[in-house]
Amino acid sequence: MSAQIGAFLRPYDGVNYDLIGRGDSLGVGPGVSDMYHNGFYQEEHTQDQNDECWRQLLRQMLERCVRFRLPDAGRYKGTEVNWIPGHLIGGKCYGPQRNKVAVVGKLPDADDCLYHRHFSGDSGKLLRKTIAKYELNLDAMYGTTMTKFPMPYPNMKTIPAAWKKECAYFLQQELITVDPEYVLILGADALKALLGKKATIKASRGRPLEIPWLPNAKAIVTNNPADILRNPEKTGEFDEGIRLFAKLVHGKDLSDEEEHHYTYVRDMDQLQAMITEIAPYKVYALDVETTGLEYKKGEILTIQISHKPGHAYVVVLRSLVSKFEFAPAPAKAINELRRLLCRKDVVIVGHNFRFDLEWLRDVGLDLTEQFIANGFDTMLASHLLSEVSEHDLSSCTVRETTMGRYDSEIESWFARGYHHWTVPDEVLYKYGAGDADASFRLYEAYRNRLWEHHVHWCTTHGDLDPYEQVGPPDSERVEIYGWSPTLWNLYHYIVLPVNRAITEMEMTGILVDRERLVDMIYRFEEKRDSILQ
């Protein structure tokens, strides 16, 4: 184990580290332990003297650029790396200093290593530009990384667990010393380093997070800017994470991003008033809350309808919690909704609407024709526009709208073992209304983006008229003008019709030649075994 001081910049002087342990209790790796015992620890020292020796170790590792030998990890043996400590991003010193805001990334990139400063390369430039857009100054923040060194070998994709463990203690001691009020977490690896290996961006995005050993801090996670440089289609979700972090730092409440108008419908008078109000509209985003995932084994609890952003109605058919049932009967509500929704010119919107459609058809509200003719599935559109992103409703909403994590309250109930049919009614209704509202907003966002792609393609392929290029591949118009393989046409004339066939297969099943299937499986296994021998 070696640690040679590299005097690139003078260390910050004057930090008195409040020790959180001497390594063993926190599970630091063997490299740190050896460094302490071989370079600092003395048996004849008193406890106070050894505490001071441990502080000397921290000063060397947290305040200086050193050459650090990592523990052996599998085939990686005798690995030495350049250690880049954290620092005030716009300052001239290394080492932890008290700061209101801290930024934690994964590891230094090539430019960071060249300048011996975090966030100095292209990733840092993107982060600086995005943060400035929301009136924050990156230079005034404390910057550090999960590991203080770059990938030491070419084409190395992941950091061995032993090396992460080697760095864990220092990151924890470092941030406790900085004592930030707000922490911006960049990427999944940094998130796991701070909140544990079970933490995921999908579950953590869009809401304030608590770090157990930083009781005064609130954190927001977003994508690593290096990921955005590789996948520019994720820019929206990165930008949204920075926007929410800026709101948090500026002291604004994230629990309710925008004013909304949600109405709960429990009887026929309220339902007829709702229909009168929204009947002039033609686009409806629908969502259902149920007692399970299989429509043949469960019941619909609520049907949500949104006809414009920020507005939603929740038609309550029944509640297993309060033992409530729509008056005079749930079937009567379905009849009225059929009158509203089963019109030829209606546009039905949903997120993974195939799931909702099965439940609605089963209770007599068959919207298949309306959905196939004019419908819009926001989850399918999300796949077309950005295949590398998360496509669940919550992730899409955080990425594409200003609603934030409207599902935070019900997710906290789920974490305690509750289900949709056991949470309090008011929690379920607000969540359901948010689902419909979010779906409508996503419809507007995705529809516009699909059309923009269509127009751009037509413009760059011979200045074609976008309206003349709309149609399925086998239409008469295509025979005249040719088919344009735009996302708009792909979605409306290939993806959505195929979705109908998949829905039918899910609901009615498909015929299978059992003997032939068994024979094919046998032949496959036989061929596989011969290849593996």
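Our subject in this report is the structure included herewith. (Residues numbered from 1 in each chain as written. Predicted model: local features only at pLDDT ≥ 70, side-chain atom pairs only at ≥ 80, totals over all residues. Heavy atoms only, no water.)

### With respect to the sheet that holds strand β7 (residues 182-186)
Thinking step 1. One open sheet holds the six strands; their spatial order is β4-β6-β5-β7-β9-β8, and the pairing between them is mixed. Sheet topology places β4 (87-88) and β8 (209-211) at the edges, where each strand pairs with a single neighbour.
Thinking step 2. Examined bridge by bridge, β7 and strand β9 (residues 214-222) share five bridges and lie parallel to one another. Among the inter-strand pairings, Leu184 is bridged to a residue of β9, identified as Ile220. (Pairing = 2+ DSSP bridges. Helix = DSSP H or I, 4+ residues; strand = E, 2+ residues; numbered from the N terminus.)

### What to know about the packing of aromatic side chains
Thinking step 1. As enumerated under the stated definition, the model contains 15 aromatic pairs in all.
Thinking step 2. Between Phe355 and Trp359, the aromatic rings sit 6.0 Å apart at their centres with planes inclined by 50 degrees, giving tilted as the arrangement. Linking Phe355 with Trp359, this pair stays in helix α12 (residues 353-362), spanning four residues, or about one helical turn.
Thinking step 3. What makes Trp359 buried here is its relative accessible area of 2%.
Thinking step 4. Seen in terms of ring centroids, Phe440 and Tyr443 are 5.9 Å apart; in terms of plane orientation they differ by 65 degrees. Their pairing is edge-to-face. Residue Phe440 and its partner Tyr443 are both found in helix α17 (residues 425-460); the two are separated by three residues, about one turn of the helix.
Thinking step 5. When its relative accessible area of 5% is taken as the criterion, Phe440 is described as buried.
Thinking step 6. Overall, Tyr443 belongs to the buried group, its relative accessible area being 11%. (Phe/Tyr/Trp six-rings, centres within 6.5 Å; stacked < 30°, edge-to-face > 60°. Buried < 20%, exposed > 50% of the residue type's maximum accessible area, 1.4 Å probe, protein only.)

### Notes on helix α6 (residues 188-195)
Thinking step 1. Of all the residues in α6, the buried ones are Ala190, Leu191 and Leu194. Buried positions in α6, seen along its axis, are confined to an arc of 100 degrees and lie on one side of it.
Thinking step 2. Contact partners of the buried residues in α6: β5 (101-105), α5 (161-178), β7, α7 (201-204), β8 and β9.
Thinking step 3. Among the residues trailing α6, Gly196 stands out with phi positive, at a value near 110 degrees. (Arc of directions from axis to C-beta. Contact = heavy atoms within 4.5 Å.)

### Details of the pattern of salt bridges
Thinking step 1. Within the structure shown, the criterion is met by 23 salt bridges.
Thinking step 2. Between Asp179 and Arg98 there is a salt bridge, with the nearest N and O atoms lying 3.1 Å from each other. You can see Asp179 sitting in the loop between α5 and β7 and its partner Arg98 sitting in the loop between β4 and β5, a full 81 residues away along the chain.
Thinking step 3. For Asp227, the salt bridge identified is with Lys234, shortest N-O distance 3.1 Å.
Thinking step 4. In this structure Lys234 comes out as buried when scored by relative accessible area, which is 12%.
Thinking step 5. Sharing partners across several salt bridges, the network here consists of Arg205, Glu237, Arg399, Glu400 and Arg449. (Salt bridge = Lys/Arg side-chain N within 4 Å of Asp/Glu carboxyl O.)

### So, the packing of α17 against helix α19 (residues 487-508)
Thinking step 1. Relative orientation of the contacting elements α17 and α19 amounts to 120 degrees, with a least axis distance of 7 Å. Comparing their axes, α19 and α17 come out oblique. Between α17, through Arg447, Leu450, Trp451, His453 and His454, and α19, the contact on the second element is made entirely by Leu487, Trp488, Asn489 and Tyr491.
Thinking step 2. Along the lines of polarity and charge, the residues of the contact of α17 with α19 split into five nonpolar, three polar and one charged. (Axes fitted to C-alpha atoms, helices over the stretch in contact; angles between N-to-C directions. Parallel < 35°, antiparallel > 145°, perpendicular 65-115°, else oblique. Nonpolar A, V, L, I, M, F, W, Y, C, P; charged D, E, K, R; others polar.)

### A closer look at the sheet that holds strand β10 (residues 261-265)
Thinking step 1. Across the sheet, which stays open at both edges, the six strands sit in the order β10-β13-β12-β11-β16-β17 with mixed pairing between neighbours. At either end of the open sheet lies a strand with only one pairing partner, and these are β10 and β17 (376-377).
Thinking step 2. As paired elements, strand β11 (residues 283-290) and strand β12 (residues 300-308) share six bridges and run antiparallel to each other. Residue Ala285 lies in a different strand from β12, and its bridge partner there is Ser306.

### Describing the nonpolar core
Thinking step 1. Counting 68 residues, the largest nonpolar core has Leu271, Met274, Val315, Leu360 and Leu367 as its most contacted members.
Thinking step 2. Counting residues per element, this core draws most heavily on α17, which supplies 11 residues.
Thinking step 3. In contact with Val315, not counting residues within four places along its chain, are Val265, Leu271, Met274, Leu301, Thr302, Ile303, Phe326, Ala333 and Leu337.
Thinking step 4. With 24 residues, the next largest nonpolar core counts Ile89, Val101, Leu127 and Leu138 among its residues. (Core = buried A, V, L, I, M, F, W, Y, C linked by side-chain atoms within 4.5 Å.)

### Some remarks on the layout of surface pockets
Thinking step 1. Estimated volume of the largest pocket: approximately 760 Å³.
Thinking step 2. Around the largest pocket sit 34 residues that line it, and Lys106, Asn224, Ala226, Asp227 and Arg230 are the ones nearest its centre.
Thinking step 3. Secondary-structure elements contributing two or more residues to the lining of the largest pocket are α3 (110-115), α4 (122-133), α6, α7 and α8 (225-230).
Thinking step 4. Broken down by element, the lining of the largest pocket gets its largest block of residues, five residues, from α8.
Thinking step 5. The volume enclosed by the second largest pocket comes to roughly 660 Å³.
Thinking step 6. Considering the residues around the second largest pocket, the lining is formed by 23 residues, among which Asp287, Glu289, His420, Tyr431 and Asp435 are closest to the centre.
Thinking step 7. Elements supplying a minimum of two residues to the lining of the second largest pocket: β11, α12, α15 (393-400), α16 (408-415) and α17.
Thinking step 8. Top contributing element to the lining of the second largest pocket by residue count: β11, with four residues.
Thinking step 9. Its residues placed into classes, the lining of the second largest pocket shows eight nonpolar, eight polar and seven charged. (1 Å grid on protein atoms, 1.4 Å probe; cavity = no way out; pocket = protein on both sides within 12 Å on 5 of 7 lines; lining within 4 Å. Points joined across faces, edges and corners; volume = space filled by probe spheres on them.)

### As for α5
Thinking step 1. Between the first and last C-alpha of α5 there are 25 Å, a value that for 18 residues agrees with the 26 Å anticipated at 1.5 Å per step.
Thinking step 2. By the largest-angle criterion, Cys167 marks the main kink of α5, which is about 30 degrees.
Thinking step 3. Along α5, the positions that sit buried rather than exposed are Trp163, Glu166, Cys167, Tyr169, Phe170, Leu171, Gln172, Gln173, Glu174, Leu175, Thr177 and Val178.
Thinking step 4. Two residues or fewer after α5 comes Asp179, characterised by a positive phi angle close to 50 degrees. (Expected span 1.5 Å × (residues − 1). Bend = angle between axes of the 7 residues up to and from the residue.)

### Overview of empty space enclosed by the protein
Thinking step 1. Inspection of every chain in the model, using the stated rule, returns two cavities of 30 Å³ or more.
Thinking step 2. Size it by volume and the largest cavity reaches roughly 40 Å³.
Thinking step 3. Along its surface, the largest cavity is lined by Leu301, Arg318, Ser319, Leu320, Val321, His420, Trp421, Val423, Asp425, Leu428 and Tyr429.
Thinking step 4. Breaking the lining of the largest cavity down by element, the ones donating at least two residues are β14 (318-319) and α17.
Thinking step 5. For the lining of the largest cavity, the element with the highest residue contribution is α17, accounting for three residues.
Thinking step 6. Forming the boundary of the second largest cavity are Leu357, Thr368, Phe371, Ile372, Asn499, Arg500 and Thr503.
Thinking step 7. Counting residues per element, the ones that place at least two in the lining of the second largest cavity are α13 (368-374) and α19.
Thinking step 8. A class-by-class count of the residues in the lining of the second largest cavity yields three nonpolar, three polar and one charged.

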